[in-house]
Every structure is written in structure tokens, then in C-alpha cells.
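Take a look at the letters that make up each chain.
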Amino acid sequence: MDTIELTIRIPALEHDRIIGWLEGWATGFVQEDATLRAYIPPDRWSPTRRKQLQKRLAADGYPNAVTVQRLSDRNWNEAWEQSITPVRAGPFLLCPTSAAVPPDEADATVLRVDPAMSFGTGHHATTRLALRLLANRLSPGDRVLDVGTGTGVLAIAACRHGATTAVGVDTDSNAVRNARQNAAQNEVADCVTVRHGSVAAAPEGSFDVVVANVTRDTLLDLLPALHDRLTTDGSLILSGLLTGQRSHMEGALRDRALTIVEEIDEEGWWACAATSGPANFPPD
Ligand code: SAH
């Protein structure tokens, strides 16, 4: 199938707003410093949508920021291949199947993630932040829920890091297919389960670690449902926020009696782990 590629020249800190706006249509995004690329199936794209997008960007001070290109199936794959090189995040190395593991990364837990049309190659800071927190919070035998699994990268990483089960859910059926393929490719298909839908699509029960790397508005909407699925002393890992959005999220967590126990940031993005148990006081 052909794909519409939008190339939008806007600063990185503006990307998440436009991603939030395009989320209903686009099936994949690639973020570079001053460029956001969005991939949209042709049947979801129209001249009217193009005009709406251009109008919105112009109103934000970015006139003529969009170029639109139709990619054939083959070009689409080539575009992905070029944008993907191995990336380190905590103990993990995200490495597409087409790339060799660099010799100086021999100690890493290698995750083979081919994105097809889903988000989550590790080229975005929010994915790397979520992976680092996941590695820190996960204990052997944990049950993990990954909301907005995309490529399945976080669920796969959880299983490679000792989780007994990781459930990934995603509202995008392309992501569901891609996450299942990636789980099989990483030989964790017996540990990773992928379901189409949001939190309610996960099997009943609670999880020791609940992780979500989605946009700020989605995180705020989903917070009660995410919290409901957390075991009493479980860790809730949230990524997809800008550093400037920290206090807002901290307030929303506090309203639910959740305490931030770890926070990290990278390239202007912020992520945290919160628990409803007592805060982790330093040992005596
Ligand atoms: N977990 C991956 C991908 C994050 S991208 C990573 O960390 O890199 C966010 C994903 O969330 C997308 O695949 C999108 O389809 C999905 N998504 C957005 N809103 C959602 C919702 N309300 N419930 C479940 N998935 C959602």
C-alpha cells in the first residue's frame, strides 16, 4: 500500500502538539531535530486535511512548513531503513534486524525492533526514558501492562528483563500486528500478549508495572484506568511529557495519592515512575 509522507519543518518542542493533532490519522511518526515526518494511509488523507493542517501551522507561526509526498511501498521501507540505526537506552540496545550490533555494545540486551508503520524505534527520547525507568523498576517475575505499545518495544524489553508476562495494548491495529511480529522476532512471543484497544482490552487483574508512553492529554485521560490496574505497591511509569509539563502531572498524580519515586529527562522530555506505596526513603 502507498503511504502519504508529511514532512513538517517545526522545532522539536512543537512536535508533540502536532503529533497529538495528527494522531487520529497518522500511523507512524519520525522525529528529527527540526523536522517531523508523519505517515498517513492515503484513504485518511485529503486536500481538506492538508489545508486544515497548513492553516493551523500558519496560525502557530509556521507558514509553508509542510510538504506532502506519496511514497510507494518500496520507498516507504527504504525511508525507514535509512532512519534507523542502533540506539542505547539503559541496559537495552534497540537494533533493527538490518543492522549489526556494534562490538562496544556487546554487554547490552539487544532488542530487534523493526517498526513497519508503528511508533517506537528508540529514536525518540520518550521511548528511551521509558526503557530506562522500566529497567530500574522491574523485578524478576513481575507482570507488566504497556499501554500504547506501538512496536511493542517496552513489552518486549520487560520480558527480556525478567517479567513473566507483558501485555501490550494499542488502539492502532497496525501497531498490534507489528508488535506481535516484533515479539516473535525477539523470541518473547510466549511472554508478550498484544491486544487491540486501550486499557480495558487488557485481561482482568492488576500489574506490578504499568507503563504508558503516549501524549500528555492521553496520559491525563487514562490516569484513573492506569492506576486501577496497578498493584498496591506497583510502579506506574509515565513518559511522553515535556519537562515543562512536570508539575501538572505531579499534581494529577498527587490527586490520586500517587508519589513520584524516580524521574529522568532527556532532550526536553520528562518521564517518571510513581507508586501508591510509601515513597522510597533512603535506607537507614
Ligand atoms: N510504547 C512505544 C510506542 C509509543 S507511541 C514506545 O514507547 O516507543 C504511542 C502509541 O500509543 C501509538 O502506537 C498509539 O497508537 C497508541 N495510543 C494512543 N492513544 C492510545 C490509547 N488511548 N490507548 C491505547 N493506545 C493508544
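The shown structure was predicted, so the numbers you read here are calculated from the model rather than taken from an experiment.

J.: Would you explain the sheet that holds strand β7 (residues 109-112) in this entry?
T.: One key point about sheets: their strands pair by backbone hydrogen bonds, in either a parallel or an antiparallel sense. Spatial ordering of the open sheet is given by β5-β6-β7, a layout of 3 strands whose pairing is mixed. Looking along the sheet, the strands with just one partner apiece sit at the ends: β5 (87-89) and β7. Averaged over all pairs of adjacent strands, the angle between their axes in this sheet comes to 25 degrees, without regard to strand direction. Of the pairings in the sheet, the one linking β5 to strand β6 (residues 92-95) comprises 3 bridges and is antiparallel in character. By the bridge assignment for β6, Val 87 is matched with Leu 94. Sitting on the sheet, helix α5 (residues 153-160) is in contact with β6 and β7, with an inclination near 145 degrees to β7.

J.: Mind showing me how you'd approach the side chain of Glu 262 here?
T.: The topology assignment puts Glu 262 in strand β13 (residues 259-266). Side-chain polar atoms of Glu 262 contact the side chain of Arg 137, separated by 3.0 Å. If we skip the residues at most four places from it in the chain, Glu 262 touches Leu 133, Asn 136, Arg 137, Ala 271, Cys 272 and Ala 273.

J.: What should I look at first to understand the confidence of the model for the protein chain in this one?
T.: Parts of the model with low pLDDT should not have their predicted coordinates read in detail. Looking at the protein chain as a whole, its pLDDT mean stands at 89, while 89% of the residues score no less than 70. Contacts of residues 280-284 to residues separated by more than four positions or lying in other chains number 2 contacts, the stretch itself having pLDDT below 50.

J.: In this structure, what is going on with the site of the ligand? I would like to understand it.
T.: As a structural note, the neighbourhood of the ligand is formed by 17 residues, with Thr 127, Gly 148, Asp 170, Ser 198 and Asn 213 the closest of them. The contact in question runs from a nitrogen atom of the ligand to an N or O atom on the backbone of Gly 148, over 2.8 Å. Between the ligand and the protein, one listed contact pairs an oxygen atom with a side-chain N or O atom of Asn 213 at 2.8 Å. Put simply, the ligand lies in the largest pocket. Going through the elements one at a time, α5 and α7 (216-228) are the ones with two or more residues in the shell around the ligand. Tallied by class, the residues present in the shell around the ligand amount to 5 nonpolar, 10 polar and 2 charged.

J.: Mind showing me how you'd approach the pairing of strand β8 (residues 143-147) here?
T.: It is a general feature of regular strands that their side chains alternate between the two faces of the sheet. Where burial is concerned, most of β8 is hidden: 4 out of the 5 residues are buried. The pairing of β8 with strand β9 (residues 165-170) spans 5 bridges and is parallel. Its bridge partner lying in β9, Leu 145 is registered against Val 167. Assessed by its sense of winding, the connection that carries the chain from β8 through α5 to β9 is right-handed. Across 4 bridges, the pairing between β8 and strand β11 (residues 207-213) is parallel. Within β11, the residue paired with Leu 145 across the bridge is Val 210.

J.: How should the layout of surface pockets be read in this particular structure?
T.: To find leftover empty space, a probe the size of one water molecule is rolled over the atoms. Size it by volume and the largest pocket reaches roughly 740 Å³. As for the largest pocket, its lining consists of 36 residues, and the residues nearest its centre are Glu 23, Gly 148, Asp 170, Asn 213 and Val 214. Elements with a minimum of two residues in the lining of the largest pocket: α1 (15-22), β2 (28-32), α4 (125-137), α5, β9 and α7. Of all the elements, β2 adds the most residues to the lining of the largest pocket, at 3 residues.

About the cut-offs
Residues numbered from 1 in each chain as written. Predicted model: local features only at pLDDT ≥ 70, side-chain atom pairs only at ≥ 80, totals over all residues. Heavy atoms only, no water. Pairing = 2+ DSSP bridges. Helix = DSSP H or I, 4+ residues; strand = E, 2+ residues; numbered from the N terminus. Axes fitted to C-alpha atoms, helices over the stretch in contact; angles between N-to-C directions. Contact = heavy atoms within 4.5 Å. Polar contact = N/O pair within 3.5 Å; in protein donor to acceptor, adjacent residues only side chain to side chain. pLDDT = per-residue confidence, 0-100. Near = heavy atom within 4 Å. 1 Å grid on protein atoms, 1.4 Å probe; cavity = no way out; pocket = protein on both sides within 12 Å on 5 of 7 lines; lining within 4 Å. Sits in = over half its atoms within 2 Å of the grid points. Nonpolar A, V, L, I, M, F, W, Y, C, P; charged D, E, K, R; others polar. Buried < 20%, exposed > 50% of the residue type's maximum accessible area, 1.4 Å probe, protein only. Right-handed = clockwise from strand over helix to strand, strands pointing away. Points joined across faces, edges and corners; volume = space filled by probe spheres on them.

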